[in-house]
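Structural overview
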Amino acid sequence: LGLGVQYSVNAKTPTIWLFLFEVNVGVDAGLAFGVVVAVRYNPNFALLRAGIWADLWADIVVNYKSTLPFSKWKSFSLLKIYAQGDLLLTFEPKPSTLEGKLKGYVRLLGLFSVDFDAGFKKEI
């Protein structure tokens, strides 16, 4: 059983004329999060697992087009961020455990990139 919620934004600045180009900046960003639960109800009620998760993203893009006839819009990403994490508490089977994961990346101008991926699992 689970439940999640998401909020996202997609916006763009007005287009401006800059020398020989038309330019605007767009943003796509959001956050999603939720809970998950596993239960047993027969022969007796028991909470098997409970957890939370979250996703976060943002992308800032520059869109441009030459003012020459028949030009098409092109774009490049200034900054792109993504992160996803979850935390899960498992009660059955014994022993109980707490497990977490976090992964994602940060990219700047498509030239510099940092990826991360970490996790843990611990008996409690």
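Residues numbered from 1 in each chain as written. Predicted model: local features only at pLDDT ≥ 70, side-chain atom pairs only at ≥ 80, totals over all residues. Heavy atoms only, no water.

**A short note on a nonpolar patch on the surface**
Where nonpolar side chains cluster on the molecular surface, the patch consists of Ile 16, Trp 17, Leu 18, Phe 19, Leu 20 and Phe 21 and spans about 710 Å² of accessible area. Broken down by element, the residue count for the nonpolar patch peaks at three residues, all from strand E2 (residues 16–18). Along the chain, Ile 16 falls in strand E2. (Patch = residues over 30% accessible without salt bridge, like charges linked within 9 Å, V, L, I, M, F, W, Y side chains within 5 Å. Areas by Shrake-Rupley, 256 points an atom, 1.4 Å probe, with all protein chains shown as cover. Salt bridge = Lys/Arg side-chain N within 4 Å of Asp/Glu carboxyl O. Helix = DSSP H or I, 4+ residues; strand = E, 2+ residues; numbered from the N terminus.)

**Re the environment of Ile 16**
In this structure Ile 16 comes out as partly exposed when scored by relative accessible area, which is 48%. Taking C-alpha positions, Ile 16 is 42 Å from Leu 3, a pair spaced 13 residues apart along the chain. Apart from residues lying up to four places away in sequence, Ile 16 is in contact with Phe 21, Glu 22 and Val 23. (Buried < 20%, exposed > 50% of the residue type's maximum accessible area, 1.4 Å probe, protein only. Contact = heavy atoms within 4.5 Å.)

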